Amino acid sequence: ARTASKPAIFLPHLIASLEQVDQTYIMVKPDGVQRGLVGEIISRFEKKGFKLTGLKLFQCSKELAEEHYKDLKQKSFFPKLIDYITSGPVVCMAWEGVGVVASARKLIGATDPLQAEPGTIRGDLAVQTGRNVVHGSDSPDNGKREIALWFKEGELCEWTPVQAPWIRE
Ligand code: ADP
């Protein structure tokens, strides 16, 4: 009976330790910075319980913007998109957590802010696709790629928030 009870005790911990911790790249776009929405946007992810591992105000080059959005190169709006992203400073962030990529996309809302649900960042704070205030990676692989693109080694922090055991059991 003692050995039979062991899996029931240890299995949840084993499953928890196997859960994938992902990283996502979140960026307050130039309109979000100009409109004074930086604190509001950061606080959505902070309050949710994800861990901030990188943060900076940054004026990006045309080359970096083009590399970041390279999958959209063929789109008619691409030149306008590059002008928009390079039009002023952005706030670059790396966030970490189990399920952070998909959850951040939900917190951000649909690409077209008029279609984004109320309660989402774009749903609450924006009206147009070309001024949709924030970026979030669309997959864990892109999360890693974009963090490596926007941050240098040494700009990211490994740390354990004191609230960690109150965020996840
Ligand atoms: P998301 O940012 O929601 O992942 P996409 O990857 O499709 O959306 O597009 C990247 C960004 O390009 C959008 O956030 C938006 O700033 C811009 N964009 C997308 N579609 C259009 C469009 N039709 N007109 C102008 N800008 C657009």
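Every value quoted in this text rests on a predicted model; they were computed, and no experiment measured them. (Residues numbered from 1 in each chain as written. Predicted model: local features only at pLDDT ≥ 70, side-chain atom pairs only at ≥ 80, totals over all residues. Heavy atoms only, no water.)

Here the focus is the environment of Ile 41. Relative to the helices and strands, Ile 41 resides in helix H3 (residues 38-48). According to the relative accessible area criterion, Ile 41 is buried, its value standing at 0%. Other than its neighbours up to four places away in sequence, Ile 41 contacts Val 28, Ile 121, Leu 125, Val 133 and Val 134. (Helix = DSSP H or I, 4+ residues; strand = E, 2+ residues; numbered from the N terminus. Buried < 20%, exposed > 50% of the residue type's maximum accessible area, 1.4 Å probe, protein only. Contact = heavy atoms within 4.5 Å.)

Turning next to the packing of H3 against helix H6 (residues 100-108). Relative to each other, H3 and H6 sit at 135°, their axes nearing to 11 Å. Taken together, H3 and H6 sit at an angle that is classed as oblique. In this structure, H3 meets H6 at a crossing whose hand is right-handed. The segment H3 lies against H6, with Arg 44, Phe 45 and Lys 48 engaging Ser 103, Ala 104, Leu 107 and Ile 108. For the contact of H3 with H6, the residue count by class is four nonpolar, one polar and two charged. (Axes fitted to C-alpha atoms, helices over the stretch in contact; angles between N-to-C directions. Parallel < 35°, antiparallel > 145°, perpendicular 65-115°, else oblique. Left-handed = near helix turned anticlockwise from the far one by under 90°. Nonpolar A, V, L, I, M, F, W, Y, C, P; charged D, E, K, R; others polar.)

Turning our eyes to something else, we now look at the UniProt feature "binding site: ATP" (unreviewed entry) in the chain. Within the UniProt annotation, "binding site: ATP" (unreviewed entry) is assigned to Lys 29, Phe 77, Arg 105, Thr 111, Arg 122 and Asn 132. With respect to the element layout, Phe 77 can be found in the loop between helix H4 (62-68) and helix H5 (78-85). A residue is classified by how much of its surface remains accessible, and Phe 77, at 40% relative accessible area, is partly exposed. Overall, the relative accessible area of 7% leaves Arg 122 in the buried class. Setting aside its immediate chain neighbours within four residues, Arg 122 contacts Lys 29, Ile 108, Gly 109, Ala 110, Thr 111, Pro 113, Ala 116, Asn 132, Val 134 and His 135. (UniProt positions renumbered as here; feature names shortened; annotations may be inferred.)

Time to look at the site of the ligand. Taken together, Lys 29, Tyr 69, Leu 72, Phe 77, Leu 81, Tyr 84, Arg 105, Thr 111, Arg 122, Thr 129 and Asn 132 make up the full set of residues adjacent to the ligand. Arg 105 places a side-chain nitrogen or oxygen 2.8 Å from an oxygen atom of the ligand. Measuring from an oxygen atom of the ligand, one finds a backbone N or O atom of Thr 129 at 3.4 Å. Surface burial for the ligand is 73%, taken as the share of its 530 Å² of free accessible area covered by protein chains. (Near = heavy atom within 4 Å. Polar contact = N/O pair within 3.5 Å; in protein donor to acceptor, adjacent residues only side chain to side chain. Areas by Shrake-Rupley, 256 points an atom, 1.4 Å probe, with all protein chains shown as cover.)

A separate point is the nonpolar core. If you look at soluble globular proteins, the nonpolar side chains tend to sit buried side by side. The biggest cluster of nonpolar side chains holds 19 residues, and the ones touching the most others in it are Ile 26, Ile 41, Phe 45, Trp 95 and Ile 121. Elements with a contribution of two residues or more to this core: strand E1 (21-28), H3, strand E3 (90-98), H6 and helix H7 (121-125). Sorting elements by how many residues they give to this core places H6 first, with four residues. Filtering out sequence-adjacent residues up to four positions away, Ile 26 remains in contact with Phe 45, Val 91, Cys 92, Met 93, Trp 95, Ala 104, Ile 108, Val 134, His 135 and Gly 136. Counting residues in hydrophobic clusters, the runner-up holds 17 residues, among them Met 27, Tyr 84, Ile 85 and Ile 147. (Core = buried A, V, L, I, M, F, W, Y, C linked by side-chain atoms within 4.5 Å.)

This brings us to helix H8 (residues 140-150). Along H8, the residues classified as buried are Asn 142, Gly 143, Glu 146, Ile 147 and Trp 150. Taken down its axis, H8 places every buried residue within 130° of arc, on the same side. Exposed side of H8, more than 90 degrees from the buried face: Asp 141 and Ala 148 are the residues found there. Those residues of H8 that are buried are in contact with E1, strand E2 (51-58), H4, E3 and strand E4 (134-136). (Arc of directions from axis to C-beta.)

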